[in-house]
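# Working through the structure, step by step
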Amino acid sequence: LLRQGYHDTALHAVSADEELGHLVELEIFKSAQEIVESLRNRDCGLALEWCKQHRSKLRRIKSKLEFKLRIREFICLVQAGKVMDAVRYSQKHLSRWAYIHMPELQATMATLVYGPCFQQHCNKGEPAENAMDVDDQNQGPQKEEEQEE
């Protein structure tokens, strides 16, 4: 239930049966839910903190999660018109990714000149603007119909 997003139902089931509580690590799922909620609110802070805590594991599986979150924060700065802050942010947080993700990084840097929509056209299928769109992964037929209306 927890893995499918039915947190309230799962918590109710665990509280009703004490033996289930020993089988489920509720803290992990609570933490994950907090991160998902913060991403829905366009805040990468909790997710980046989680990435920092699990950096060695993420490197081992060659995850792009932290890179995508950093790209999203950069684009948010550009969208807000804070170009110099975006440049400083890229120097501090994105430069270390250059040797691995140069094409994506170049397209992202182009947002400084052409605006945030340029980056979306360069990375067809994986726009950095959607790095925080956590609902894309769980999108079912009902959601698609709602978006068309």
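Look up a bit, the structure's there.
These notes cover the structure that comes with them. (Residues numbered from 1 in each chain as written. Predicted model: local features only at pLDDT ≥ 70, side-chain atom pairs only at ≥ 80, totals over all residues. Heavy atoms only, no water.)

### Examining the overall build of the protein chain
Convention followed: Only runs of H or I of at least four residues qualify as helices and only runs of E of at least two qualify as strands under DSSP, and these elements are numbered from the N terminus. In this scheme, a residue with accessible area under 20% of its type's maximum is buried, one over 50% is exposed, and one in between is partly exposed, where area comes from a 1.4 Å probe on protein chains only. Whether two residues are in contact is decided by their heavy atoms, any of which lying within 4.5 Å being enough.
When you go through the protein chain residue by residue, the secondary structure sums to 11 helices and zero strands. What you see in the protein chain, going N to C, is helices and strands ordered as α-α-α-α-α-α-α-α-α-α-α. For the protein chain, with 149 residues in total, the buried portion stands at 30%. Here the contacts in the protein chain between residues at least 6 apart in sequence split such that 47% fall between residues at least 24 apart.

### Points about the packing of aromatic side chains
To keep things clear, this is the line we draw: Side-chain rings of Phe, Tyr and Trp, where Trp is taken by its six-membered ring, are said to pair if the distance between their centres is within 6.5 Å; with planes under 30 degrees apart they count as stacked, over 60 as edge-to-face, and otherwise as tilted.
Taken as a whole and judged by the stated rule, the model has one aromatic pair. Between Phe 67 and Trp 97 the ring centres are 5.5 Å apart and the planes differ by 50°, which places this aromatic pair in the tilted class. Of the two residues, Phe 67 sits in helix α6 (residues 65–79) while Trp 97 sits in the loop between α7 (83–94) and α8 (102–109), which places them 30 residues apart along the sequence.

### Section: the layout of surface pockets
The line we're drawing: In this analysis, the protein atoms alone were mapped onto a 1 Å grid. Cavities are point sets where a 1.4 Å probe fits without being able to get out; pockets are open sets with protein on both sides within 12 Å along at least five of seven lines; lining residues have an atom within 4 Å of a point. Grid points are joined across faces, edges and corners, and a volume is the space filled by probe spheres set on the points. Asp, Glu, Lys and Arg are counted as charged, while Ala, Val, Leu, Ile, Met, Phe, Trp, Tyr, Cys and Pro are counted as nonpolar; the rest, among them Gly, fall into the polar class.
Of the voids in this model, the second largest pocket is the one considered here, and its volume is about 240 Å³. As for the second largest pocket, its lining consists of 13 residues, of which Leu 58, Arg 59, Ser 63, Trp 97 and Ile 100 are closest to the centre. For the lining of the second largest pocket, the secondary structure elements donating two or more residues are α5 (55–60) and α6. Element by element, the count of residues in the lining of the second largest pocket is highest for α5, at three residues. Classifying every residue of the lining of the second largest pocket gives five nonpolar, two polar and six charged.

### Description of the environment of Leu 65
For Leu 65, the position within the fold is in helix α6. Residues Leu 65 and Cys 51, spaced 14 residues apart in sequence, show a C-alpha to C-alpha distance of 7.7 Å.

### Observations regarding unusual backbone geometry
Backbone geometry places Arg 42, a non-glycine residue, at a positive phi of 65°. Here Arg 42 is to be found in the loop between α3 (26–40) and α4 (45–53). Non-glycine residue Lys 62 carries a positive phi angle of around 55°. You can call Lys 62 exposed: its relative accessible area is 72%.

### What to know about the packing of α4 against α6
So the rule is basically this: To obtain an axis, a line is fitted to C-alpha atoms, over the contacting stretch when the element is a helix, and the angle between two such axes runs from 0 to 180 degrees between their N-to-C directions. What sets the label is the angle itself: under 35 degrees gives roughly parallel, over 145 gives roughly antiparallel, 65 to 115 gives roughly perpendicular, and the rest give oblique. With the far helix as reference, a near helix turned anticlockwise by less than a right angle produces a left-handed crossing, and one turned clockwise produces a right-handed crossing.
Where α4 meets α6, the closest approach of the two axes is 10 Å, and the angle between their N-to-C directions is 150°. What the angle tells us is that α4 and α6 run roughly antiparallel. In this structure, α4 crosses over α6, and the sense of that crossing is left-handed. In this structure, α4 uses Gly 45, Ala 47, Leu 48, Trp 50 and Cys 51 to contact α6, whose residues at the interface are Leu 65, Glu 66, Leu 69, Arg 70 and Glu 73. For the contact of α4 with α6, a count of residues per class yields six nonpolar, one polar and three charged.

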